[in-house]
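In case you want the letters, here they are:
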Amino acid sequence: MTAAATERDEERRAMTASGEVAIDIAGMNKWFGEFHVLRDINLTVYRGERIVVCGPSGSGKSTLIRCINALEGHQTGRITVEGTELSSDIKNIDRIRSEVGMCFQHFNLFPHLSVIENCTLAPIWVRREPKKEAEDRARYFLERVKIGDQALKYPGQLSGGQQQRVAIARSLCMQPRIMLFDEPTSALDPEMIKEVLDVMVDLAESGMTMLVVSHEMGFARQVAHRIIFMDEGQIVEQNEPEAFFNNPQSERTKLFLSQILSH
Amino acid sequence: MAGEKSVAFVAERQIPPSPPPVKTGGALGWARDNLFSGVFNTVATLLSLAFVAYILAMVVPWLFLDSVWNASSLQGCREVDDGACLAVINERFLQFVFGFYPEELRWRPILAFVLLFVAIWPALFSSAPRKLLIFSALYPLLAYWLIWGGSLWGPVGAVVGLAIGWACIRFLPPLVRGRLDEGLAFLAAVGAGILATALWWLFCVTAFEDALGAVLAIGLEPVESARLGGFLLSTIIGVSGIAGSLPIGIVLALGRQSNLILIKAVCVGFIEFIRGVPLITLLFVAWLLLSYFLPPGTEFDLILRVVIMVTAFASAYMAEVIRGGLAGLPRGQYEAADSLGLDYWKSMRLIILPQALKISIPGIVNTFIGLFKDTTLVIIIGLLDPVGLLQPIRADQNWNGIVWELYGFIALFFFIFCFAMSRYSMYLERNLDVGHR
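Residues numbered from 1 in each chain as written. Chains lettered and ligands numbered in written order. Predicted model: local features only at pLDDT ≥ 70, side-chain atom pairs only at ≥ 80, totals over all residues. Heavy atoms only, no water.

## Side note on the pattern of salt bridges
Residue and element names in this part refer to chain A.
Then step 1. For the coordinates displayed, the defined rule picks out 26 salt bridges over all chains.
Then step 2. Between E183 and K61 there is a salt bridge whose closest N-O contact spans 3.7 Å. Here E183 is found in the loop between β7 (178-182) and α7 (190-205), whereas its partner K61 is found in helix α2 (residues 61-68), with 122 residues between them in sequence.
Then step 3. In this structure E183 comes out as buried when scored by relative accessible area, which is 14%.
Then step 4. Accessibility expressed as a relative area gives 4% for K61, which makes it buried.
Then step 5. Note that E99 is salt-bridged to R177, the shortest N-O span being 3.4 Å. Of this pair, E99 sits in helix α3 (residues 90-99) while R177 is found in the loop between α6 (160-172) and β7, placing the two residues 78 residues apart along the sequence.
Then step 6. Taking relative accessible area as the criterion, R177 reaches 42% and is therefore assigned partly exposed. (Salt bridge = Lys/Arg side-chain N within 4 Å of Asp/Glu carboxyl O. Helix = DSSP H or I, 4+ residues; strand = E, 2+ residues; numbered from the N terminus. Buried < 20%, exposed > 50% of the residue type's maximum accessible area, 1.4 Å probe, protein only.)

## Some thoughts on the packing of α6 of chain A against α7 of chain A
Relative orientation and spacing of two packed helices are given, respectively, by the angle between their axes and the distance between those axes.
Residues and elements named next belong to chain A.
Then step 1. Remark: α6 packs on α7, axes separated minimally by 8 Å, with the N-to-C direction vectors making an angle of 20°. With respect to their mutual orientation, α6 and α7 come out roughly parallel. Here α6 runs over α7; the crossing is right-handed. For the pair formed by α6 and α7, the contact residues are G160, G161, Q162, Q164, R165, I168 and L172 on the first element and M192, E195, V196, V199, M200 and L203 on the second.
Then step 2. Taken together, the residues that form the contact of α6 with α7 break down as seven nonpolar, four polar and two charged. (Axes fitted to C-alpha atoms, helices over the stretch in contact; angles between N-to-C directions. Parallel < 35°, antiparallel > 145°, perpendicular 65-115°, else oblique. Left-handed = near helix turned anticlockwise from the far one by under 90°. Contact = heavy atoms within 4.5 Å. Nonpolar A, V, L, I, M, F, W, Y, C, P; charged D, E, K, R; others polar.)

## Observations concerning helix α4 (residues 87-98) of chain B
Then step 1. Here α4 of chain B has its buried residues at A87, V88, I89, R92, Q95, F96 and F98 of chain B.
Then step 2. Elements in contact with the buried residues of α4 of chain B: α3 (74-80), α5 (107-124), α9 (230-256), α15 (386-395) and α16 (404-432) of chain B.

Function-wise, these values are silent; they only describe arrangement.
Here it is as structure tokens:
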């Protein structure tokens, strides 16, 4: 069993040996006021790679992925996304954001717009696509997240799981090269977690570069190339899934794993 | 089984949904449940009914049964009956509406009033044809021309000034592209546009008007501001203030949240200063002081000055109401808009403002209603709004001693307008409520 899983990890590694860098973070530090929230982060994400970031709350994992599309600014170090360096230049930031999709813990759909309008808004206003084209693509992605029949409803009429799938479709409509997920299932009822994870697995299988902050260890095992464990603002340990779960090196990781896997 | 308790339970069948129980008893049943349930409620209901009956017994005969519509003086009223002397309203109705606007020209304000509804239609109801918005944009100048008259070229000159300002904002930034930071270039262009428009309005409009007037004289007979009064005046000040304060308030609210220190300081300074002084002092400034600061010889209409002050006053309040709405939105909405790559103006226009304004509707309408009623303060600086017209009427020997009828009539006018606004805002809230169905 374990041998097979390890083999699977190795296969996965071979598949992404493209060597093309999607995100490169070097020597990055961030403070909230006096609080040193991210400490000397060095991380390279290759195209097609899927990384799950875990760690106790307050460890800086959400802040880390929010730095990648500049929802949070970093103070020192360098972040390069698809060859564009994140600087204070608004033009660069907007370009990176239109290449990087993001899903939030609380979905953050636009409640005053219908599901299909949520999905077509950015393509129409940012990419300047014709309405017809944007709608066709929105319908395609809504079908893909299995929610095509709800296109004309408003977010307030949908369940949490449905809303999160719409949020994923909304991001995909911008045809991003990278997808960031900030605890996408933490606000969902147990029955709805699976429907969202299914969509994410499907997305993973299509070769999308994904960075997922999550505590869904089953999902991590199933799709991740790498698992990163963060604590107190720094990357404590990272490894391939089977090695990470079966043979954690740091005491902190062992403690964390024993706590989340004990139920 | 007796005596033994087991917690185990399995539903034997699926219970099908059934309709809710029907309310029985009709009106009587409703009254019993809501008005006469218990001793205290019964007593309260009876007392309230007695109070309402008492008031009606006084008002109805006075206002309807014993009122007098045709008489030439209060004395004449009293000779006929002892109810309300509505003859005064009958006689002075047109004065209440138009002030001292020349009788033969009164079709102009009436036309302007009718066109007002055409102009606000697309703004109020989304079902209206969108093309009408062009008319709405031009309406203020059309109404100005209809009411004040004068050469058509005056309003056209004003539009030209706006066009010049717009052209500066549109075409200046590309000229300096590459040499100046984009945001800075935009700000500079806006500044230049405002300056160019102001200069044009202050120094060139008159020449433009005279020049074109000499070639082709199209105009209406001019009417002086001093002749405007009554509900016409209230409506002009109120509607202009309402139409102006919302967009200015939005800009101020956004400016107050800006990261640019200069813009933020200007907006905060404006809001805090204007909110910190009474409207009456602003009206005095409009009346007495403003002409000091303008180039000598500039004709600057008093009503226009008042409109500017009232608009500024309402804008400051509006800005704070809208800021409340902006603050009421979850941060996630800003973040979602940002993460999709929408720039600041697009995220404001498409995501943030539609929601923030919706939350703010009660506060916005509150400010509108307050502004509309505050227009009566202009009597302080000698403008003859309906309240201002009371003085000459009550000083008239024929109507000396009349109070209730006149104030009641003015109150009715304001009530109709304010109630309409309130109902519209409720309609709008209901209509926009898509969130939690």
